[in-house]
Amino acid sequence: MSTRRSEVLAFSLVSGINHAMARLVDIWDSIGIMEEQRVERMEMVKQHIEVLLKDMITEEETLKARIRANIVSYQKQLESLSIEMSVDPYKLEEGLTVLQAEKNLRLSVEALSREKADRLSEQTSLQQEDKELCVELCSTPYYIPTGSLPSRAQLAELKEHIHTLTEEKSRRVAVFSGLRQGISKLMSEMGHEPETSLERESVCSDPDVFLLTHENIKILKQLLCQLELKHDSLVKTLGELRERAFCLWSRLQYPEEERRAFQQSVHGTLNDQIAQWREEVERLVEQQKGRLEEVITKVRQELLTLWDLCTFSGEQRQSFNTHFWDANFSEELLSAHDAELLKVQAYYQQAKPLLDTLLRWEKIWALYLDFERRASDPNRFSNRGGALLKETKERNKVQKTLPKLEEELRSGVELWESDHGGDFLVRGQKVMTLIANQWEEHKQQRGKEKNERATKKAETTLFKTPTKRAHGGVNGPTPNKIRKTPSQSAVHRTTSGSSSKPSAFNTFISSPSTKQPVSTTASKPYKRSSSSNSLRTPLQEFNGEMKPPAVSISYSDFSSDLSSKASNVVLNSTVKDHF
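**Digging into the overall build of the protein chain**
Thought 1: Across its full length, the protein chain holds 20 helices and 4 strands.
Thought 2: Per-residue burial for the protein chain yields a buried fraction of 27% across its 579 residues.
Thought 3: Considering only contacts in the protein chain between residues 6 or more positions apart, those separated by 24 or more positions represent 71%.
Thought 4: Only carbon and sulfur atoms are counted for the fraction: they give 55% of the accessible area of the protein chain, which is about 38,400 Å².

Right, dumping it as structure tokens:
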């Protein structure tokens, strides 16, 4: 379409020139210009048109050359910018005209130039922010070579670096704020006035007085730690003064109303409270000097109580006996008593966990001994109200608790002795030695009781004839309560109607064989055999029991033995009454 328009324009241009020349010829004809003059004038027209066209061609050629020069220049600029900005080089599309190529190159150069300017501007602002943060935090700025254009990756890293520094600044600001608040609070509680420049800067209201450096944080932490130690020391001192005042109030028997009134009047900072309590203690000490005998007597009572709580033996108390029995009541004697009281109190506080554990062990040990004593009591067979089951459960609990407490004591004593470099004594003995002695004493006591039971039972193991029950004027057992064998039933039937022969039931009929005399049986122990065991009555077995071996007799052994016997034999009323 554009080609046709240009051709039309060219044709119209030629037509226009021809029309103009024809017009000129008409004008010349009307004027009457001669041929030579016409030719001359037409030569001038031709020359004028040719000059005009020549100038136009020259201008267009100059434009063409300039465009080509621009293309070359733009290509060089693009190459330089691509290298400087670390981007891929620009590639022209194929088939473009010179004018299109120049335009595309020009637009690319303008775009890269704008991006370069933006990067430089962003770099300047980011580096300024980074510099300020690094000055506050005393850290190293992000490095970008001087005179170089930062890449997109470098700008992204610089932004991340600034973000990290910002978060670190926020964290340090919080740490600084917390430290300074803690320092200010401690100084206020203690009534401590800032003395050094560091302390004054720490409580200063200006938040920018400190650079947010690790060194400054460390310095503030050390200052806070020092103030905390001083605060703890003041609190400890105040506690000691309060305890001392309470002790003196108790010794001097001060009324509770006066004590409460003074405590309510104490206020202010720690230093102020310490001064008030110290003044009260000094006043009480002065009053104490006039009542030395009464005060020392009370201190001695406190010492006796503490010695008992600490389970001190006579040897451990001996070192203070000289002062304890001194009747020359003086301030020096009171000071010695106070020093000993503080010493024993400190020992009690250190050893209290072990002493409490020992006290628990002694209570459980007393329960254990009580259960052992009850185990040998035959009256426990009544078992009314479930008492036996309850006792068994409690006994099992005690037997499980004792070893745990002993192990706890052993490990606790070892730790205490390693920490204090000395023996932990209870009434002059080591704890484990004391426990071992208790067990040995219990073992010996059980052995003694076993021997006594064995001796007593040996005296009752001889064969004895049961006492006859009254029957027709003669003692004899009730027939319906005798364990009967088939032969015994026959004898009973033949003699039941005869009252003149009560001797048939004077004794229990154990077997058809003849029994040994009582004197023979008493001369030697009875030996039970498998053949005679099934023919003897329970009473004969009970009276003919051999001396038991020296073993412990507990309720479980006794009940199992009783159950086995009850399942094998039938007890008559005499045996049941005996049990």
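**As for the confidence of the model for the protein chain**
Predicted coordinates in areas of low pLDDT are best not read in detail.
Thought 1: Summary statistics for the protein chain give a mean pLDDT of 76 and a share of 76% for residues scoring 70 or more.
Thought 2: Across the protein chain, element-level confidence peaks in helix α7 (residues 256-265) with a mean pLDDT of 90 and bottoms out in helix α18 (residues 538-543) with 34.

**A short note on a nonpolar patch on the surface**
Thought 1: Together, Leu52, Leu53, Met56 and Ile57 make up a nonpolar patch on the protein surface, roughly 380 Å² of accessible area in all.
Thought 2: Mapped onto the secondary structure, Leu53 falls in helix α2 (residues 35-85).
Thought 3: Look at Leu53 and you get partly exposed, because its relative accessible area is 42%.

**Thoughts on helix α8 (residues 270-289)**
Thought 1: The end-to-end C-alpha distance of α8 is 28 Å, a good match for the 28 Å that 20 residues give at a rise of 1.5 Å each.
Thought 2: Taken together, the buried positions of α8 are occupied by Leu270, Ile274, Trp277, Glu280, Val281, Leu284 and Gln288. Along the axis of α8, the buried residues cluster in a sector spanning 130°; they form a single face. Residues of α8 that are exposed and point more than 90 degrees away from the buried face comprise Glu279 and Glu286.
Thought 3: Elements that come into contact with the buried residues of α8 comprise α4 (152-190), α6 (214-252), α7, α9 (292-309) and α12 (331-375).

**A closer look at the pattern of salt bridges**
Thought 1: Under the definition given, this model contains 25 salt bridges.
Thought 2: For Glu110, the salt bridge is made with Arg106, and the minimal N-O distance between the two is 3.9 Å. In this pair, Glu110 and Arg106 are both assigned in helix α3 (residues 98-137), 4 residues apart and thus about one turn of the helix distant.
Thought 3: Overall, Arg106 belongs to the partly exposed group, its relative accessible area being 26%.

**Examining the packing of aromatic side chains**
Thought 1: In the structure shown here, the tally under the stated rule is 15 aromatic pairs.
Thought 2: A ring pair is formed by Trp307 and Phe324, whose centres lie 5.5 Å apart and whose planes are at 40°; its orientation type is tilted. With Trp307 in helix α9 and Phe324 in helix α11 (residues 321-324), this pair connects stretches of sequence that are 17 residues apart. With respect to class, Trp307 is no different from Phe324; both count as buried.
Thought 3: Ring centres of Phe312 and Tyr347 lie 5.2 Å apart, and the angle between their planes is 55°; this geometry places the pair in the tilted category.

**Looking at the nonpolar core**
Thought 1: Core analysis: the biggest nonpolar cluster contains 74 residues, and Trp277, Trp361, Phe424 and Val431 have the highest contact counts within it.
Thought 2: Breaking this core down by element, the ones donating at least two residues are α3, α4, α6, α8, α9, α12, α13 (387-420) and α14 (431-459).
Thought 3: Considering each element in turn, this core owes the most residues, 16 residues, to α12.
Thought 4: In contact with Phe424, not counting residues within four places along its chain, are Tyr347, Ala351, Leu354, Leu355, Val413, Trp416, Glu417, Gln429, Lys430 and Val431.

**Things to note about the packing of α6 against α9**
Thought 1: For the pair α6 and α9, the least separation of the axes is 9 Å and the interaxial angle reads 115°. Regarding the angle of α6 to α9, the classification is roughly perpendicular. Once α6 is placed against α9, the crossing between them reads as right-handed. Here Ser250, Arg251 and Leu252 of α6 come into contact with α9, specifically with Glu294, Val295, Lys298, Val299 and Glu302.
Thought 2: Here the contact of α6 with α9 is built from residues that sort into 3 nonpolar, 1 polar and 4 charged.

**What to know about α13**
Thought 1: Its 34 residues give α13 an end-to-end C-alpha distance of 47 Å, which sits within 8% of 50 Å, the value for a rise of 1.5 Å per residue.
Thought 2: Taken residue by residue, α13 has Leu388, Glu391, Arg395, Val398, Leu402, Leu405, Glu406, Leu409, Val413 and Trp416 as its buried positions.
Thought 3: One or two positions beyond α13, positive phi appears at Gly421, with a value near 65°.

**Things to note about the side chain of Arg38**
Thought 1: Here Arg38 shows up in helix α2.
Thought 2: On the accessibility criterion, Arg38 (16% relative accessible area) is buried.

**Describing unusual backbone geometry**
Thought 1: Backbone geometry at Cys138 places phi at a positive 55°, although glycine is not the residue there.
Thought 2: Position of Cys138 among the secondary structure elements: in the loop between α3 and α4.
Thought 3: Even without a glycine there, the phi angle at Arg427 is positive, about 55°.
Thought 4: Mapped onto the elements of the fold, Arg427 is located in the loop between β1 (425-426) and β2 (429-430).

**Digging into the packing of α6 against α7**
Thought 1: At a closest axis distance of 11 Å, the pairing of α6 and α7 adopts a crossing angle of 160°. In terms of orientation, α6 lies roughly antiparallel with respect to α7. Here α6 runs over α7; the crossing is right-handed. Contact residues: α6 offers Arg242, Phe246, Trp249 and Ser250, while α7 offers Arg259, Phe262 and Gln263.
Thought 2: Residue composition of the contact of α6 with α7, by class: 3 nonpolar, 2 polar and 2 charged.

Conventions we followed
- Residues numbered from 1 in each chain as written.
- Predicted model: local features only at pLDDT ≥ 70, side-chain atom pairs only at ≥ 80, totals over all residues.
- Heavy atoms only, no water.
- Helix = DSSP H or I, 4+ residues; strand = E, 2+ residues; numbered from the N terminus.
- Buried < 20%, exposed > 50% of the residue type's maximum accessible area, 1.4 Å probe, protein only.
- Contact = heavy atoms within 4.5 Å.
- Areas by Shrake-Rupley, 256 points an atom, 1.4 Å probe, with all protein chains shown as cover.
- pLDDT = per-residue confidence, 0-100.
- Patch = residues over 30% accessible without salt bridge, like charges linked within 9 Å, V, L, I, M, F, W, Y side chains within 5 Å.
- Salt bridge = Lys/Arg side-chain N within 4 Å of Asp/Glu carboxyl O.
- Expected span 1.5 Å × (residues − 1).
- Arc of directions from axis to C-beta.
- Phe/Tyr/Trp six-rings, centres within 6.5 Å; stacked < 30°, edge-to-face > 60°.
- Core = buried A, V, L, I, M, F, W, Y, C linked by side-chain atoms within 4.5 Å.
- Axes fitted to C-alpha atoms, helices over the stretch in contact; angles between N-to-C directions.
- Parallel < 35°, antiparallel > 145°, perpendicular 65-115°, else oblique.
- Left-handed = near helix turned anticlockwise from the far one by under 90°.
- Nonpolar A, V, L, I, M, F, W, Y, C, P; charged D, E, K, R; others polar.

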